[in-house]
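# Chain and residue survey
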Amino acid sequence: MARVFSGVQPTGNIHIGNYLGALKQFVELQDENQCIYCIVDMHSITVPQDPKELKDHILDVAALYMAVGIDPEKSIVFVQSDVAQHAELAWVLMCNSYTGELSRMTQFKAKNKGRESAPAGLFTYPILMAADILLYDADIVPVGNDQKQHIELTRDVAIRVNNKYGETFVVPDGRFLKAGARIMALDDPGDKMSKSAENKHSRVSLLDDDNKIKKSIMKATTDSDGIIRFDPENKPGISNLLNIYSAFSGKTIDDIVKDFEGCGYGDFKKELVNIVQTGIAPIRERYEDIRNSDELIRTLKDGAERAGAIAEKTMKRVKDNFGLGL
């Protein structure tokens, strides 16, 4: 079977963009692949975090992993910082990466906009992400479209090391959403949906109650012509809502547009509220059961042991090829 690796940061409530862009793929892949899914807490400290909140968020994300359908009997689920080889391999890869390629990363440019300086970790975290992937000989990395550049960097670094030191890493492939399916902010469809946005109605989170879901969708930005048509360039707001409707309902966008022919945005949004509420409700219910169980911590500790065994084999190969250690 192919090996799959991916991870999510424990920085606040996971929203439907994370779910549709990544977590839904995680579940689909686990039946026919060997899957390793990580809560990447080391990535989250590239910006200041409250330690207590961070620990809570780690458990929140782990519980949501399982609530959306990730089965720890089929997949390895663990916390990144519980496996020390992530940081160890990151240093080796940093020594085989270049400031020029890191300075071209678009997410760094966006996060560093307006600053004269930035934490070094914010600059180098794409290398830690590469280490996360390469540590497990991953064949497939399911991520949102906004992570394509990071996957390309991971591939470039793996190929560079293999060419210089011999076959060391599996060169992974990204598994991305189909074109046009990226979920954008509800209040500004020019930006991707974000956990850190100030406006809470810019997103729908998996733990939102029905009232919050309704308010956020009914407030969503559209346009003034009132025609339901998929046109991301000229009608980004309604096109974003059509993407969300399609992802939750399983219907094609063309069929949805036909269903609402002659209807206004209000009618469409009301039905979208029902679709999203129905899709999220069982996830929220399962989450409550899992988050409050003693089994959660045991599952993560077991996952770290299983992940660590794989990581140690990779690091032995890396050290042998690089001439490190005795």
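Structure: see above.
Residues numbered from 1 in each chain as written. Predicted model: local features only at pLDDT ≥ 70, side-chain atom pairs only at ≥ 80, totals over all residues. Heavy atoms only, no water.

Counting its secondary structure elements, the protein contains 13 helices and five strands. Computed over C-alpha atoms, the radius of gyration of the protein comes to 21 Å, within 12% of the 20 Å expected from 2.2 N^0.38 for 326 residues, which places it in the range of a compact globule. When the 326 residues of the protein are sorted by exposure, 49% land in the buried category. At a minimum sequence separation of 6, the contacts of the protein that also span at least 24 residues come to 75%. Placing the 41 positive and 48 negative side-chain charges of the protein at their respective mean positions leaves the two points 2 Å apart. (Helix = DSSP H or I, 4+ residues; strand = E, 2+ residues; numbered from the N terminus. Rg over C-alpha atoms; globule rule 2.2 N^0.38 Å. Buried < 20%, exposed > 50% of the residue type's maximum accessible area, 1.4 Å probe, protein only. Contact = heavy atoms within 4.5 Å. Lys, Arg positive; Asp, Glu negative; His and termini not counted. Charge placed at Lys NZ, Arg CZ, Asp CG, Glu CD.)

For side chains of opposite charge, pairing can occur when their charged atoms come near one another. This structure, assessed with the given rule, holds 17 salt bridges. Where Lys 52 meets Asp 56, a salt bridge forms, and the shortest distance between an N and an O atom there is 3.3 Å. Linking Lys 52 with Asp 56, this pair stays in helix α3 (residues 51-67), spanning four residues, or about one helical turn. By relative accessible area, Lys 52 is classed as exposed at 60%. (Salt bridge = Lys/Arg side-chain N within 4 Å of Asp/Glu carboxyl O.)

Bringing the packing of aromatic side chains into the picture now. A complete count under the given rule lists ten aromatic pairs for this structure. Relative to Phe 322, the ring of Tyr 165 lies with its centre 3.9 Å away and its plane at 20°, an arrangement referred to as stacked. Taken together, the residues span a long stretch of sequence, with Tyr 165 in helix α8 (residues 148-165) and Phe 322 in helix α13 (residues 295-322) at a distance of 157 residues. Overall, the relative accessible area of 18% leaves Phe 322 in the buried class. In textbook terms, an aromatic cluster arises when at least three aromatic residues are bridged by ring pairs, as seen for Phe 5, Phe 78 and Tyr 136. Taking NZ or CZ as reference, Lys 148 lies 5.3 Å from the ring centre of Phe 176, over its face. (Phe/Tyr/Trp six-rings, centres within 6.5 Å; stacked < 30°, edge-to-face > 60°. Lys NZ or Arg CZ within 6 Å of the ring centre and 35° of its normal.)

Moving on, we come to the nonpolar core. Membership of the largest hydrophobic core comes to 56 residues, with the highest contact counts inside it found for Tyr 65, Leu 206, Ile 244, Phe 268 and Val 276. Per element, the largest residue contribution to this core is ten residues, and it comes from α3. When near neighbours in sequence (up to four residues on either side) are disregarded, Leu 206 contacts Asn 13, Ile 14, His 15, Ile 16, Tyr 19, Leu 64, Val 68, Ile 280, Ile 283 and Arg 284. Val 40, Leu 128, Leu 153 and Ile 310 belong to the second largest nonpolar core, which has 41 residues in total. (Core = buried A, V, L, I, M, F, W, Y, C linked by side-chain atoms within 4.5 Å.)

This next bit is on the packing of helix α9 (residues 210-218) against helix α12 (residues 265-291). At a minimum axis distance of 9 Å, the contact between α9 and α12 shows a crossing angle of 145°. In this structure, α9 meets α12 at a crossing whose hand is right-handed. Between α9 and α12, the contacting residues are Asp 210, Ile 213, Lys 214, Ile 217 and Met 218 on the first element and Gly 266, Lys 269, Lys 270, Leu 272, Val 273, Val 276, Gln 277, Ile 280 and Arg 284 on the second. Among the residues making up the contact of α9 with α12, the classes are represented as seven nonpolar, two polar and five charged. (Axes fitted to C-alpha atoms, helices over the stretch in contact; angles between N-to-C directions. Left-handed = near helix turned anticlockwise from the far one by under 90°. Nonpolar A, V, L, I, M, F, W, Y, C, P; charged D, E, K, R; others polar.)

Moving on, we come to the pairing of strand β3 (residues 75-79). A large share of β3 lies buried, amounting to five of its five residues. Alignment of strand β2 (residues 34-39) against β3, held across five bridges, turns out to be parallel. Note on β3: the bridge partner recorded for Cys 38 is Phe 78. (Pairing = 2+ DSSP bridges.)

Time to look at helix α1 (residues 16-29). Over its 14 residues, α1 extends 19 Å from the first C-alpha to the last, a length consistent with the 20 Å expected when each residue adds 1.5 Å. When the local axis directions of α1 are compared, the greatest deviation, roughly 35°, occurs at Ala 22. Among all positions of α1, only Ile 16, Gly 17, Asn 18, Tyr 19, Leu 20, Gly 21, Ala 22, Leu 23, Gln 25, Phe 26 and Leu 29 are buried. (Expected span 1.5 Å × (residues − 1). Bend = angle between axes of the 7 residues up to and from the residue.)

What follows deals with the environment of Leu 206. Tracing the backbone shows Leu 206 in the loop between β5 (173-175) and α9. For Leu 206, a relative accessible area of 0% gives the class buried. Note: C-alpha distance between Leu 206 and Thr 99 (107 residues apart in sequence) is 37 Å.

Note on placement: Ala 2 falls in the segment before β1 (3-8). A sequence separation of 33 residues divides Ala 2 from Cys 35, and the C-alpha atoms of the two residues are 8.4 Å apart. If sequence neighbours within four positions are ignored, Ala 2 has contacts with Asn 33, Gln 34, Asp 139 and Ile 140.

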